[in-house]
Amino acid sequence: MAAGEVIVIPCLSDNYTYLVRCHRSEMTAIIDPGEAAPVIAELEERDWSLDLVINTHHHHDHIGGNAELIKEYGAKLLGPGAETARIPDMDETCGEGDQVLIGELEGRVFDVPGHTSGHIAFYFPAITALFSGDSLFALGCGRLFEGTPEQMWHSLQKFRNLPPSTQVYCGHEYTQANAKFAKTIEPDNPILTARCQDIDGLRARNIPTIPSRIDVELATNPFMRADEPSVAAALGMSGKSPVEVFTEIRKRKDSF
Ligand code: ZN
Ligand code: FE
């Protein structure tokens, strides 16, 4: 039996929240519950309790369900050390390089500022899963509300060397809109073209495009590809630094 599993729960208008189960310990965590009701429904269906609530960042669409879930199950709250002022009632905090536990599933924490200043992400090797919140999206990245393009570029670099098969669980179903934009940057990228067709097929049947995979992001996500000479050339920016190219891609996406 696998060490654990991830259950994708759509919530609010286009958010995802993720139930993570450690099979050996039978401990369960929820990552970024934007609201409580769909999480409670899923837990009741499986006859599971909830031990831990985990947040990647302080935005309401990622923490809105915290209070109700904590009250209902007596779950503990774990979140970014930099956000104790903006995320109420944290029992435990973490940051870059820390190890966190969901039962016996060990997760590594990355500081990934850019979308918000205190944003963190979690990688769990035993289930080959990255929970990226609103840092890395499928074919995109979060808007820069509290950070610079340079910060976000360096944050995304931290995911580069994860195993290629790492499943990427991000905070929103933005993939189809991201795909439309990505095609404007790399219209001749055959892997991107094929992926866009897959995405349209999934969305036509209302199936989540999540999880994505790290190797697929590296091959198709323009924000991960700002250091590719072909991408710089396509933008008329040959010879410019990856941060300069990334900045231009983010600027274009903001007004797309
Ligand atoms: Zn956010
Ligand atoms: Fe969000």
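In the block above lies the structure referred to throughout.
Residue numbering note: each chain is counted from 1, following its sequence as written. A letter from A marks each chain and a number from 1 marks each ligand, given out in the order of writing. Given that this is a predicted model, residues contribute local features only at a pLDDT of at least 70 and side-chain atom pairs are listed and counted only at 80 or more, while totals for whole chains, interfaces and linings are drawn from all residues. Derived side-chain values reflect all non-hydrogen atoms in the structure, with water molecules and hydrogen atoms excluded from consideration.

Turning our attention to the sheet that holds strand β9 (residues 120-124). Here, strands pair whenever DSSP counts at least two bridges between them. Counting from the N terminus, the helices are the DSSP runs of H or I reaching at least four residues and the strands are the DSSP runs of E reaching at least two. With respect to topology, six strands assemble into an open sheet ordered β7-β8-β9-β10-β13-β14, the strand pairing being mixed. Unpaired on one side and paired on the other, β7 (99-102) and β14 (212-213) mark the two borders of the sheet. By the bridge criterion, four bridges tie strand β8 (residues 105-111) to β9 in an arrangement that is antiparallel. Bridged to Val 109 within β9 is Phe 122.

The next point concerns the coordination of the iron ion (ligand 2). Tetrahedral coordination by four donors puts the ideal angle at the metal at 109.5 degrees, and octahedral coordination by six puts it at 90 or 180 degrees. Donor atoms from the polypeptide that coordinate the iron ion (ligand 2) comprise Asp 61 (OD), His 62 (NE2), Asp 134 (OD) and His 172 (NE2), at 2.1 to 2.3 Å from the metal. Given four donor atoms and angles of 82 to 172 degrees at the metal, the environment of the iron ion (ligand 2) is assigned as irregular. In this structure, the iron ion (ligand 2) is positioned 3.0 Å from the zinc ion (ligand 1), and both are ligated by Asp 134. Across the pair, His 62 and Asp 61 agree in class, each one buried. Coordinating N, O and S atoms are those within 2.8 Å of the metal (3.2 Å for Na, K and Ca), and as water is not part of the atoms, a site may appear to have fewer donors than expected. In this scheme the shape depends on donor count and angles: four donors with every angle between 85 and 135 degrees give tetrahedral, four or six donors with opposite pairs above 155 degrees and others between 65 and 115 give square planar or octahedral in turn, and any other case is irregular. Under the scheme applied here, a residue whose accessible area is under 20% of the maximum for its type counts as buried, over 50% as exposed, and between as partly exposed, the area being computed with a 1.4 Å probe on protein chains only.

Bound to the zinc ion (ligand 1) on the protein side are His 57 (NE2), His 59 (ND1), His 115 (NE2) and Asp 134 (OD), at distances that span 2.2 to 2.3 Å. Geometry at the zinc ion (ligand 1) is irregular, judged from its four donor atoms and the angles of 84 to 170 degrees they form at the metal. You can call His 59 buried: its relative accessible area is 17%. Looking at His 115, the relative accessible area reads 4%, which means it is buried.

It is worth spelling out the sheet that holds strand β4 (residues 52-54) at this point. A sheet is described by the order of its strands in space; here six strands give the open sequence β1-β2-β3-β4-β5-β6, paired in mixed fashion. Sheet topology places β1 (4-11) and β6 (92-94) at the edges, where each strand pairs with a single neighbour. Strand-to-strand, the axes of this sheet are offset by a mean angle of 20 degrees, without reference to chain direction. Alignment of strand β2 (residues 15-22) against strand β3 (residues 27-31), held across five bridges, turns out to be antiparallel. Along β3, the bridge assignment pairs Cys 22 with Met 27. Along the sheet, helix α1 (residues 37-46) makes contact with β1, β2 and β3, crossing β1 at roughly 140 degrees. Axes here mean lines fitted to C-alpha atoms, for a helix over just the part in contact, with angles spanning 0 to 180 degrees between N-to-C directions. The contact criterion used is simple: two residues touch if any of their non-hydrogen atoms lie within 4.5 Å.

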